[in-house]
Amino acid sequence: VQLQASGGGLVQAGGSLRLSCAASGITFSGNKMGWYRQAPGKQRELVASITSGGTTNYADYAEDRFTISAHNGKNTVWLQMDGLKPEDTAVYYCRVWRVVTPQYSYWGQGTLVTVSS
């Protein structure tokens, strides 16, 4: 199983980025997909998640600015980030996991998002 994350970069405050995560060796059916982020000196945290049925969940800070979406047939999940703030600077990781037996979890390699003020 491989998760290939892309789309990070340097953007000014107020700008937008769209992260992509393409999965191979696994299908999204029956799984949850999500984006996490880890800022320097901080713990990794959940930004947003989506189920294969389309149910989404967002961290409070992402609720009004970020949108997670997925295409089950393409095994791709996206994170559209608008109104970026310097505090959004972090390495963003995609994850695919299953919460019922058999449980598993796979992580992508991370993509760096840097928001300048």
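Placed above this text is the structure.
Residues numbered from 1 in each chain as written. Predicted model: local features only at pLDDT ≥ 70, side-chain atom pairs only at ≥ 80, totals over all residues. Heavy atoms only, no water.

A. Focus on the overall build of the protein chain. Regarding its fold elements, the protein chain presents zero helices and 11 strands. In the protein chain, the succession of α and β elements from N to C terminus is β-β-β-β-β-β-β-β-β-β-β. For 117 residues, the compact-globule estimate of 2.2 N^0.38 gives 13 Å, and the C-alpha radius of gyration of the protein chain, at 14 Å, lies within 12% of that figure. The dimensions of the protein chain, computed from C-alpha atoms along their principal axes, are 45 × 25 × 25 Å. Considering only contacts in the protein chain between residues 6 or more positions apart, those separated by 24 or more positions represent 53%. Within the protein chain, the 7 negative side-chain charges are centred at a point lying 10 Å from the centre of the 10 positive side-chain charges. (Helix = DSSP H or I, 4+ residues; strand = E, 2+ residues; numbered from the N terminus. Rg over C-alpha atoms; globule rule 2.2 N^0.38 Å. Contact = heavy atoms within 4.5 Å. Lys, Arg positive; Asp, Glu negative; His and termini not counted. Charge placed at Lys NZ, Arg CZ, Asp CG, Glu CD.)

B. Region of the structure containing the sheet that holds strand β8 (residues 76-81). On the basis of which strands lie adjacent, the open sheet formed by four strands has the order β1-β3-β8-β7 and antiparallel pairing. Edge positions in the sheet fall to β1 (2-6) and β7 (66-71), since each has one partner strand and no second. Pairwise comparison of adjacent strand axes, ignoring direction, gives a mean angle of 15° for this sheet. Relative to strand β3 (residues 17-24), β1 runs antiparallel, the two being bridged by five bridges. Paired with Ala5 across the two strands is Cys21, which belongs to β3. (Pairing = 2+ DSSP bridges. Axes fitted to C-alpha atoms, helices over the stretch in contact; angles between N-to-C directions.)

C. Broad picture of the side chain of Asp88. Considering the arrangement of structural elements, one finds Asp88 in the loop between β8 and β9 (90-98). In this structure, Asp88 is in contact with Arg37, Arg65, Phe66, Gly83, Val113 and Val115, ignoring residues within four places of it in sequence.

D. The pairing of β8, seen in detail. Here β8 lies mainly inside the structure; five of its six residues are buried. One ladder, built from six bridges, connects β3 with β8; its direction is antiparallel. Among the inter-strand pairings, Leu19 is bridged to a residue of β8, identified as Leu79. Relative to β8, β7 is paired through six bridges, and the arrangement is antiparallel. The partner of Phe66 across the bridge, within β8, is Met81. Remark: four residues form the turn of the hairpin made by β7 and β8, two consecutive strands paired antiparallel; Asn75 in that turn has positive phi of roughly 50°. (Buried < 20%, exposed > 50% of the residue type's maximum accessible area, 1.4 Å probe, protein only.)

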